[in-house]
Amino acid sequence: MSKAGTHTGGGAAERAEAKERQPFRGVCTACGHVWTVAYLPMPIPVFVRTAKSARCPNCGGDKINVADEAIAQTVSENGETS
Ligand SMILES: [Zn+2]
């Protein structure tokens, strides 16, 4: 099970670019709309500010959960409340 498969053809630049910009997706707690809030990686302070000021493009709600599975896993590991 390989993540990206093994393509022969030398797409090193493409892979580097894709790795460089990972979309951080948020889900609106009000309406469940999922959208890309920002692209990672970015400096933590910038990320926090972006996430805080981000608003749902669908309903304008400002309460957002992390939609990305990998990141959500990390978050739930840190703040397990069950
Ligand atoms: Zn919404």
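Look above for the structure.
So, here's what we can say about the structure. Every value quoted in this text rests on a predicted model; they were computed, and no experiment measured them.

## Section: the overall build of the protein chain
Inference 1: When its secondary structure is counted, the protein chain shows 3 helices and 3 strands.
Inference 2: Sequence-ordered secondary structure for the protein chain, helices as α and strands as β, is α-β-β-α-β-α.
Inference 3: Classification of the 82 residues of the protein chain by burial places 7% in the buried group.
Inference 4: Within the protein chain, counting contacts between residues at least 6 apart in sequence, those at least 24 apart form 52% of the total.

## Considering the sheet that holds strand β3 (residues 64-66)
Inference 1: Sheet architecture is open: 3 strands sit in the order β2-β1-β3, paired in antiparallel fashion. Both outer strands of the open sheet, β2 (34-40) and β3, are each paired with one neighbouring strand and no more. Across the sheet, the axes of successive neighbouring strands diverge by a mean angle of 40°, strand direction being ignored.
Inference 2: Strand direction decides the pairing type here: strand β1 (residues 22-28) and β3, joined by 3 bridges, are antiparallel. Considered in β3, the bridge of V27 is made with N65.

## A closer look at the pairing of β2
Inference 1: Sheet topology note: the β1/β2 ladder contains 6 bridges and is antiparallel. Among the inter-strand pairings, R25 is bridged to a residue of β2, identified as T36.
Inference 2: Linking β1 to β2, which pair antiparallel, is a turn of 5 residues; within it G32 sits at a positive phi near 80°.

## A word on the nonpolar core
One recurring pattern in soluble globular proteins is that nonpolar side chains are buried together.
Inference 1: Counting 5 residues, the largest nonpolar core is built from F24, C28, V37, C56 and I64.
Inference 2: When residues no more than four places from it in sequence are discounted, the contact partners of C28 are H33, C56, N58, C59, G61 and I64.

## What about unusual backbone geometry?
Inference 1: Geometrically, the link from L40 to P41 is a cis peptide bond, its omega value of 0° lying close to zero.
Inference 2: For P41, the location among the structural elements is in the loop between β2 and α2 (44-53).

## Description of the environment of N58
Inference 1: Along the chain, N58 falls in the loop between α2 and β3.
Inference 2: On the basis of neighbour count, N58 is assigned to the partly exposed category, with 13 C-beta atoms found within 10 Å.
Inference 3: As for N58 and A30, which are separated by 28 residues in sequence, their C-alpha atoms are 9.9 Å apart.
Inference 4: Every residue in contact with N58, bar those within four places of it in the chain, is listed here: C28, C31 and H33.

Definitions and cut-offs
Residues numbered from 1 in each chain as written. Predicted model: local features only at pLDDT ≥ 70, side-chain atom pairs only at ≥ 80, totals over all residues. Helix = DSSP H or I, 4+ residues; strand = E, 2+ residues; numbered from the N terminus. Buried ≥ 20, exposed ≤ 12 C-beta atoms within 10 Å, placed from the backbone. Contact = placed C-beta atoms within 7 Å. Pairing = 2+ DSSP bridges. Axes fitted to C-alpha atoms, helices over the stretch in contact; angles between N-to-C directions. Core = buried A, V, L, I, M, F, W, Y, C linked by C-beta atoms within 7 Å.

Fair warning: the whole summary comes from geometry, so function is off the table for now.
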